[in-house]
Amino acid sequence: MEREAALSLVKVQLTEHRYLHTIGVMETAITLAKRFGADDKKAETAAIFHDYAKFRPKDEMKSIIVEQGFPVDLLDYNAELWHAPVGAFLAKTEAGIEDKEVLDAIRFHTSGRPEMALLEKIIYLADYIEPGRHFPGVEDVRKLAEEDLDQALLQAIQNTIFFLMKKKQPVYPETFNAYNDLSQKIGGLTK
Ligand code: DGI
Ligand code: FE
Ligand code: FE
C-alpha cells in the first residue's frame, strides 16, 4: 500500500499525538531497516499500522482476542498489551494488510517474544526510540541502536521490565521470555 493511503487509514483511528508518534515510528523504522538490512517498505507499513487499534474500546479488543483464539492470558494482564494483537487483526481485516512479517511485527510490538524476527525487533525498537519519546534511559537505547540492534533491544526490554516492576505492575510472561531469550544469546556474563 502507498504510504499516503496507509497514513490516511490510520489517521482517523488515532489522536493527533498518537498520529505524530506513528510518523516518528515510521521514520525511525525505515532508518533502522536500512541500517540493519530489513525490507524498508515492510518496516514502513508495520510502523504505520502498529498502533492502529490503540483507541478501540476494551470490550471490542477483548472479544477479538477471544474469538480469534489469541492468547487469552493477555486478558489477565495490562490492557495496554491488547492493542498489539488486535491491531494485527484489524490491519488485516480492515486495511487488507496480508504480509505475515508485517502483521507479526504489529502483533508483537508491545510484549516482544522469544526469537523475534528482524522486522519485529525493528518495530519494537522504533516504537521505543522514535524522536517523540522522552522517558529516562531512551537516549542510551538510541545510542545502542546506532550500532547493535540486539543490544538496543535488550536494553529497551530491560528498561520496560524495570519500569513496570518499579510500579509493582505485573509483567506479561512473554516480555520476560523475550528478555531471557535475548540475554542468553547476547547478554552479560554467562554461566
Ligand atoms: O502503544 P505505545 O504506547 O506506543 O507503546 P507500546 O505498544 O509499547 O505500549 C507500551 C505500554 O505497555 C508501556 O507503557 C508498558 C505497557 N505494558 C504493560 N504491561 C506490559 C507492558 N509492556 C510490556 N512489554 N510487557 C508488559 O507486561
Ligand atoms: Fe503500541
Ligand atoms: Fe507505539
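Everything numeric here is computed off the predicted structure, so don't read it as measured data.

1. Some points on the coordination of the iron ion (ligand 3)
Thinking step 1. Within the first shell, the iron ion (ligand 3) binds the protein through His21 (NE2), His50 (NE2), Asp51 (OD) and Asp127 (OD), at distances of 2.2 to 2.3 Å.
Thinking step 2. Sequence spacing of the donor residues for the iron ion (ligand 3), all on one chain, is H-x28-H-D-x75-D.
Thinking step 3. Between the iron ion (ligand 3) and the iron ion (ligand 2), the interatomic distance is 3.5 Å, and Asp51 donates to each metal, bridging them. Of the two residues, His21 sits in helix α2 (residues 16–36) while Asp127 sits in helix α7 (residues 118–129), which places them 106 residues apart along the sequence. Both residues of the pair, His21 and Asp127, belong to the buried class.

2. Notes on the pattern of salt bridges
Thinking step 1. Scanning the model with the defined rule gives 17 salt bridges in all.
Thinking step 2. One salt bridge in this structure joins Lys100 and Asp104, with 2.7 Å as the shortest N-O distance. Of this pair, Lys100 and Asp104 both sit in helix α6 (residues 100–107), separated by four residues, roughly a single helical turn.
Thinking step 3. The class of Asp104 is buried, set by a relative accessible area of 9%.
Thinking step 4. Here Arg113 makes a salt bridge to Glu120, at a shortest N to O gap of 2.6 Å.

3. Here's the deal with the packing of aromatic side chains
Thinking step 1. Considering all chains together, one arrives at four aromatic pairs under this definition.
Thinking step 2. On the numbers, 5.9 Å between centres and 50° between planes, the contact of Phe49 with Tyr52 is tilted.
Thinking step 3. The ring of Tyr19 carries the charged tip of Lys11 above its face, separated from the ring centre by 5.1 Å.

4. Focus on the site of ligand 1
Thinking step 1. Every one of the 18 residues lining ligand 1 counts as a neighbour, but Arg18, Lys54, Thr110, Arg133 and Tyr172 are closest to it.
Thinking step 2. Between ligand 1 and the protein, one listed contact pairs an oxygen atom with a side-chain N or O atom of His109 at 2.9 Å.
Thinking step 3. At 2.9 Å from a nitrogen atom of ligand 1 is found a side-chain nitrogen or oxygen belonging to Thr175.
Thinking step 4. When ligand 1 sits alone it has 570 Å² of accessible area, and the protein chains cover 86% of it.
Thinking step 5. Elements with a minimum of two residues in the shell around ligand 1: α2 and α9 (149–166).
Thinking step 6. Taken together, the residues that form the shell around ligand 1 break down as four nonpolar, eight polar and six charged.

5. Things to note about the side chain of Glu44
Thinking step 1. Structurally, the position occupied by Glu44 is in helix α3 (residues 40–49).
Thinking step 2. When its relative accessible area of 7% is taken as the criterion, Glu44 is described as buried.

The rules behind each value
Residues numbered from 1 in each chain as written. Chains lettered and ligands numbered in written order. Predicted model: local features only at pLDDT ≥ 70, side-chain atom pairs only at ≥ 80, totals over all residues. Heavy atoms only, no water. Donors = N, O, S within 2.8 Å, 3.2 Å for Na, K, Ca; no water. Helix = DSSP H or I, 4+ residues; strand = E, 2+ residues; numbered from the N terminus. Buried < 20%, exposed > 50% of the residue type's maximum accessible area, 1.4 Å probe, protein only. Salt bridge = Lys/Arg side-chain N within 4 Å of Asp/Glu carboxyl O. Phe/Tyr/Trp six-rings, centres within 6.5 Å; stacked < 30°, edge-to-face > 60°. Lys NZ or Arg CZ within 6 Å of the ring centre and 35° of its normal. Near = heavy atom within 4 Å. Polar contact = N/O pair within 3.5 Å; in protein donor to acceptor, adjacent residues only side chain to side chain. Areas by Shrake-Rupley, 256 points an atom, 1.4 Å probe, with all protein chains shown as cover. Nonpolar A, V, L, I, M, F, W, Y, C, P; charged D, E, K, R; others polar.

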